[in-house]
Amino acid sequence: MIDAALAAATRHLADVSDTPRLDAELLMAHALGVERDALLLRHLDAEAPEEFEALVERRMTHEPVAYITGMRGFWTIELAVGPGALIPRADSETLIEAAIEHFGARAPSTILDLGTGPGTLLLAALDQWPKATGLGVDGSEAALGYARVNARRLGMADRAEFVLGDWAAGVEGRFDLILCNPPYVGIGEAIGEDVRRFEPPSALFAGADGLDAYRRIIPDLRRLLTPGGAAVIEIGWTQAEAVCGLALDQGFSPRARNDLGGRPRAVLLT
Ligand code: GLN
């Protein structure tokens, strides 16, 4: 029975995961080909599908649930993800919230996402502002492959363009909103086992102090922003002061914004 299989898997997964019950439910829903709510409402008395055990065994090697199921929810959208693309994190929704607060009743019409990965921030923003168009840049073809698939699946292919690039080098034009979740982990800093073993290092690590990507990106932002526009950049929770300093050097008025855990997660530059 599914109920018992979930209970057993939860005990097993507690060795590798902080969210063993959730992981078990997501893997079971994937094995059944149903949504998690449908699983919980309707299927608990059914026979557990045979594939479930193999999915749990993959998770036991620290493979992230999102790579096993191939999908991850972010903001109002579902994104296809897999090896080579950074998995969207709930923390990054802080950037969308900061952008919404900045624009208020207005809406950005052009959006740039630097380091878009599987299209995470750009596609969430295009869902938020249905008349906007956007450009997503990434240094990884693998990540861009997912981004293009996601734009098509979400019906946004005509509003989202994705290009291979080195941050803002080669990007022309101006944008009302620039979003950016760059790598910001310092080399040698501790990161979760799932992340370390499976996610792309180029999306995570940025030099000895984790600030290398900001040093590359922030000097380009002014020329890319329209008047009244804003850039919102994700930061590690200890980096607010350093990143605000880099922004001040470029003549911005930076403001840090906390995530749901109450720690600084984004810096808004105007
Ligand atoms: N927040 C991510 C992690 O610690 C890091 C992502 C990033 O460097 N942009 O897993």
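A brief structural summary. Since the structure is predicted, the reported quantities are computational estimates derived from the model, not experimental observations. Going along each chain's sequence as written, the residues are numbered from 1 onward. Totals for whole chains, interfaces and linings use all residues, but because this is a predicted model, local features are given only for residues with pLDDT of at least 70 and pairs of side-chain atoms are given and counted only at 80 or more. Just so you know, side-chain values use all the structure's heavy atoms and leave hydrogens and water out.

As for the overall build of the protein
Within the protein one finds eleven helices and nine strands. Expected size for 270 residues packed as a compact globule is a radius of gyration near 18 Å; at 19 Å, the protein falls within 12% of this value. Projected onto the principal axes, the alpha-carbon positions of the protein cover approximately 60 × 40 × 35 Å. For every residue, the accessible area obtained with a 1.4 Å probe (protein chains only) is divided by the maximum for its type, and the residue is called buried under 20%, exposed over 50%, and partly exposed between those limits. With 270 residues in all, the protein has 51% of them scored as buried. Taking the contacts inside the protein whose residues are at least 6 apart along the sequence as the reference set, 66% of them involve residues at least 24 apart. Counted charges follow a simple rule, with Lys and Arg positive, Asp and Glu negative, and His plus the chain ends left uncounted. All charge positions are set by atom: Lys at NZ, Arg at CZ, Asp at CG, Glu at CD. Where the 25 positive side-chain charges of the protein centre and where its 39 negative ones centre are 5 Å apart. By definition, any uninterrupted DSSP run of H or I lasting at least four residues is a helix, any uninterrupted run of E lasting at least two residues is a strand, and each is numbered from the N terminus. It is over C-alpha atoms that the radius of gyration is taken, and the globule rule equals 2.2 Å times the number of residues to the power 0.38. Here, residues are in contact when the closest pair of their heavy atoms is within 4.5 Å.

What to know about the site of the ligand
Taken together, the residues surrounding the ligand are Arg89, Asn181, Pro182, Pro183, Tyr184, Val185, Val195, Ala203 and Leu204. Counted as a polar contact is a pair of N or O atoms within 3.5 Å, where, for protein atoms, one must be capable of donating a hydrogen and the other of accepting one, and residues adjacent in sequence contribute only when both atoms are in side chains. Within the side chain of Asn181, a nitrogen or oxygen atom sits 2.8 Å from a nitrogen atom of the ligand. Contacts to the ligand include Tyr184, whose side-chain N or O atom sits 3.0 Å from a nitrogen atom. Considering the ligand on its own, with 300 Å² of exposed area, one finds that the protein chains cover 85% of that surface. Class assignment for the residues of the shell around the ligand results in seven nonpolar, one polar and one charged. To be near a molecule or strand, a residue needs just one of its heavy atoms within 4 Å of it. Note that accessible areas follow from Shrake-Rupley with a 1.4 Å probe, and for residues the cover is restricted to the protein chains shown. Note on residue categories: nonpolar means Ala, Val, Leu, Ile, Met, Phe, Trp, Tyr, Cys or Pro, charged means Asp, Glu, Lys or Arg, and polar means any other residue, Gly included.

Description of the nonpolar core
Residues Leu112, Leu114, Ile178, Tyr214, Leu221 and Leu269 are the most contacted members of the largest nonpolar core, which totals 30 residues. Of all the secondary structure elements, the ones that give two or more residues to this core are strand 3 (110-114), strand 4 (133-138), strand 6 (175-180), helix 10 (212-224), strand 7 (225-234), helix 11 (240-249) and strand 9 (264-269). Per element, the largest residue contribution to this core is six residues, and it comes from helix 10. Ignoring anything within four residues of it in the chain, the contact list for Leu269 reads Leu221, Leu225, Gly229, Ala230, Ala231, Ile233, Ala247, Phe252, Ser253 and Pro254. Grouping buried Ala, Val, Leu, Ile, Met, Phe, Trp, Tyr and Cys residues that are joined through side-chain atoms within 4.5 Å yields what is termed a nonpolar core. In this structure, Leu122, Ala147, Ala160 and Ala266 belong to the second largest nonpolar core, which totals 29 residues.

Examining helix 1 (residues 2-13)
An α-helix turns once every 3.6 residues. As a result, residues three or four positions apart point the same way. The end-to-end C-alpha separation of helix 1 is 16 Å, in line with the 16 Å expected for twelve residues at 1.5 Å each. Residues Ile2, Ala5, Leu6, Ala9, Thr10 and Leu13 constitute the buried set of helix 1. Relative to the axis of helix 1, the buried residues are bounded by an arc of 135° and lie together on one face. Against the buried residues of helix 1 lie helix 2 (20-32), helix 3 (36-43) and helix 4 (52-60). A helix is expected to span 1.5 Å for every residue after the first. By construction, the arc corresponds to the directions joining the helix axis to the C-beta atoms.

Considering the layout of surface pockets
Cavity means a closed set of points on a 1 Å grid over the protein atoms alone, one where a 1.4 Å probe fits but cannot get out, pocket means an open set with protein on both sides within 12 Å along at least 5 of 7 lines, and lining means a residue has an atom within 4 Å of a point. Grid points are joined across faces, edges and corners, and a volume is the space filled by probe spheres set on the points. A volume near 380 Å³ is recorded for the second largest pocket. Along the wall of the second largest pocket there are 27 residues; nearest its centre are Gly115, Gly117, Asp138, Asn181 and Ala203. Partitioned by chemical class, the residues of the lining of the second largest pocket number twelve nonpolar, eleven polar and four charged.

Examining the environment of Ala124
Here Ala124 shows up in helix 7 (residues 120-128). Given the relative accessible area of 0%, Ala124 is considered buried. Setting aside its immediate chain neighbours within four residues, Ala124 contacts Phe74, Trp75, Ile77, Ile96 and Gly119.

A look at the pairing of strand 5 (residues 160-164)
In regular strands, side chains alternate between the two faces of the sheet. At least two bridges found by DSSP between two strands is the condition for calling them paired. Pairing between strand 4 and strand 5: five bridges, direction parallel. Considered in strand 5, the bridge of Val137 is made with Val163.

Regarding the packing of aromatic side chains
In this analysis, rings of Phe, Tyr and Trp, with Trp reduced to its six-membered ring, are considered paired at centre separations within 6.5 Å, and the interplanar angle assigns stacked below 30 degrees, edge-to-face beyond 60, and tilted for intermediate values. Within this structure, the stated rule accounts for one aromatic pair. Ring centres of Phe103 and Trp129 lie 6.0 Å apart, and the angle between their planes is 70°; this geometry places the pair in the edge-to-face category. Placement of the pair is Phe103 in helix 6 (residues 93-103) and Trp129 in the loop between helix 7 and strand 4, with a sequence separation of 26 residues. One exposure class covers both Phe103 and Trp129, and it is buried. Two conditions define a charge located above a ring, namely a distance within 6 Å from the ring centre to NZ of Lys or CZ of Arg, and an angle within 35 degrees of the ring normal. Directly above the ring of Phe252 sits Arg222, whose terminal nitrogen or CZ lies 4.0 Å from the centroid. Cation over ring: Arg263 sits above Trp237, and NZ or CZ is 4.4 Å from the ring centre.

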